[in-house]
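# Residue-level structure breakdown
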Amino acid sequence: MRIHTIEHVDFEGPVAIAEVASKHGHTLTRTRIFAGEQLPGMEDFDFLAVMGGPMSVHDTAAFPWLMEEKRFINTALDAGKRILGVCLGAQLLAGALGAEVVKQSEREIGWYSVELTPEAGNSPAVAGFPARFPAFHWHGDTFSMPDGAVHLATSEACCNQAFSLGASLVGLQFHLETTQQSMELLIENCADELGPGQWIQTPEQMRRGIGQVETTHRLLETLFDNMEPKET
């Protein structure tokens with residue numbers, strides 16, 4: 001596949017997504033939209049990965065390029081592209097599909113377990129996933145379920161952790177692509193979001209959980225295998 005990422009800040013890149021792409025012979029191209037880089041034509045990619053960022057989907061006054069990105073995602077949906085949204089990317093995808101994006105009562109930051117819903121068994125996107133698994137979180141917003149989507153996963157802090165429409169459209173509130181370096185960059189650049197909170201870990205707690213990336217990277221690889229077009 002020709003994978004293309006949209007990135008919203010310089011400290012939330014594709015990280016393990018790039019590793020999966022290389023391992024499976026996919027190509028990877030990138031648009032750092034925050035830096036004014038141009039989005040590709042629809043003919044130039046097969047799979048769109050919309051990455052995370054500290055801004056809200058509603059922050060269009062502060063980040064005018066969000067409007068261009070929203071139009072691009074809608075065009076990609078109309079073109080039938082495969083799309084994975086991660087954190088902010090999942091919120092943008094949910095919004096493009098008509099769902100609401102709102103503030104959570106509490107931020108969820110750190111390593112917390114995610115559980116598949118009973119409905120997840122109906123989605124090919126998470127075939128092969130365990131019923132419960134660790135994931136890295138860093139978000140204060142959440143999305144409602146788009147019409148027709150399968151509610152895939154939940155956590156104690158956030159009901160709507162993931163959704164899918166078939167195997168071609170997937171939104172994940174959590175991060176499977178995190179590496180030690182990308183986690184440290186979030187700690188460094190988003191330190192103002194850390195503080196007292198039931199679901200906010202300290203940097204030391206997050207660092208103690210970094211060994212779980214082995215599990216999350218295997219799940220990311222499974223997800224990409226599930227989303228890849230199957231020969232008929």
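Okay, so let's go over this structure. Along each chain, numbering runs from 1 in the same order as the chain's sequence is written. Under the rules for a predicted model, residues below a pLDDT of 70 receive no local features and side-chain atom pairs below 80 are neither given nor counted, while totals for whole chains, interfaces and linings still include all residues. As a convention, hydrogens and water are excluded, and side-chain values are obtained from all of the structure's heavy atoms.

## Quick look at the overall build of the chain
Counting from the N terminus, the helices are the DSSP runs of H or I reaching at least four residues and the strands are the DSSP runs of E reaching at least two. When helices and strands are tallied, the chain shows six helices and nine strands. Against the 2.2 N^0.38 benchmark of 17 Å for 232 residues, the chain shows a C-alpha radius of gyration of 16 Å, consistent with a compact globule. Counting only C-alpha atoms, the chain reaches 45 × 40 × 35 Å along its principal axes. To sort residues, take the accessible area from a 1.4 Å probe on protein chains only and compare it with the maximum for the residue type: under 20% means buried, over 50% means exposed, and anything in between is partly exposed. The 232 residues of the chain split such that 55% are buried. The long-range share in the chain, meaning contacts at least 24 apart out of those at least 6 apart in sequence, stands at 74%. For the chain, the accessible area works out to roughly 10,100 Å², and carbon and sulfur atoms hold 48% of it. We compute the radius of gyration over the C-alpha atoms and compare it with the globule rule, which gives 2.2 Å times the number of residues raised to the power 0.38. Pairs of residues are marked as contacts when any of their non-hydrogen atoms sit within 4.5 Å. Shrake-Rupley sampling with a 1.4 Å probe provides the accessible areas, and residues are treated as covered by the protein chains on show and by no other component.

## Remarks on the environment of Leu 165
By secondary structure assignment, the location of Leu 165 is in strand β8 (residues 162-165). A sequence separation of 14 residues divides Leu 165 from His 151, and the C-alpha atoms of the two residues are 9.4 Å apart. Ignoring anything within four residues of it in the chain, the contact list for Leu 165 reads Leu 97, Asp 147, Gly 148 and Ala 149.

## Some words on the sheet that holds strand β5 (residues 101-116)
Taken together, nine strands build an open sheet; the order of strands is β2-β1-β3-β4-β9-β8-β7-β5-β6 and the sheet is mixed. The sheet is open, and its two borders are formed by β2 (27-32) and β6 (132-143), each paired with just one other strand. On average, each strand axis in the sheet is tilted by 20 degrees relative to the strand beside it, whichever way the strands run. Relative to strand β4 (residues 82-86), strand β3 (residues 47-50) is paired through four bridges, and the arrangement is parallel. For Phe 47, the partnering residue across the bridge sits in β4 and is Arg 82. In this analysis, axes come from line fits to C-alpha atoms, helices being fitted only over the stretch in contact, and the angle between any two N-to-C directions falls in the range 0 to 180 degrees. Across the sheet, helix α2 (residues 65-78) touches β1 (2-7), β3, β4 and β9 (169-172), and the angle it forms with β3 is around 150 degrees. Note: two strands are recorded as paired if DSSP finds a minimum of 2 bridges between them.

## Notes on the nonpolar core
Residues belong to one nonpolar core when they are buried, are Ala, Val, Leu, Ile, Met, Phe, Trp, Tyr or Cys, and are joined through side-chain atoms within 4.5 Å. In this structure, Leu 48, Ile 83, Trp 138 and Met 206 are the most contacted members of the largest nonpolar core, which totals 41 residues. Looking at this core, the elements with two or more residues in it are β3, α2, α3 (88-96), β5, β6 and α4 (180-189). It is α2 that provides the largest number of residues to this core, a total of six residues. Each residue touching Leu 48, except ones within four places of it in the same chain, is listed here: His 4, Ile 6, Phe 72, Ala 76, Arg 82, Ile 83 and Leu 84. Core analysis: the next-biggest nonpolar cluster, separate from the first, contains 32 residues, Leu 84, Cys 87, Val 170 and Leu 220 among them.

## Observations concerning the pattern of salt bridges
A pairing counts as a salt bridge when a side-chain nitrogen of Lys or Arg comes within 4 Å of a carboxyl oxygen of Asp or Glu. On inspection of all chains with the given rule, the structure shows eight salt bridges. A salt bridge links Glu 7 to Arg 30; the nearest nitrogen and oxygen atoms lie 2.7 Å apart. Of this pair, Glu 7 sits in strand β1 while Arg 30 sits in strand β2; the two residues are 23 residues apart in sequence, bridging distant segments of the chain. Given the relative accessible area of 44%, Arg 30 is considered partly exposed. For Glu 221, the salt bridge identified is with Lys 23, shortest N-O distance 3.0 Å. With Glu 221 in helix α6 (residues 213-227) and Lys 23 in helix α1 (residues 16-23), the pair connects residues that are 198 residues apart, well separated along the chain. What makes Lys 23 exposed here is its relative accessible area of 60%.

## Observations regarding the pairing of β1
A large share of β1 lies buried, amounting to five of its six residues. With six bridges connecting them, β1 and β2 associate as parallel partners. Considered in β2, the bridge of Glu 7 is made with Arg 32. Note on handedness: a clockwise path from strand one over the helix to strand two, with the strands aimed away from the viewer, defines a right-handed crossover. For the crossover that starts at β1, traverses α1 and ends in the parallel β2, the hand is right-handed. Examined bridge by bridge, β1 and β3 share four bridges and lie parallel to one another. The residue of β3 that forms the bridge with Thr 5 is Ala 49.

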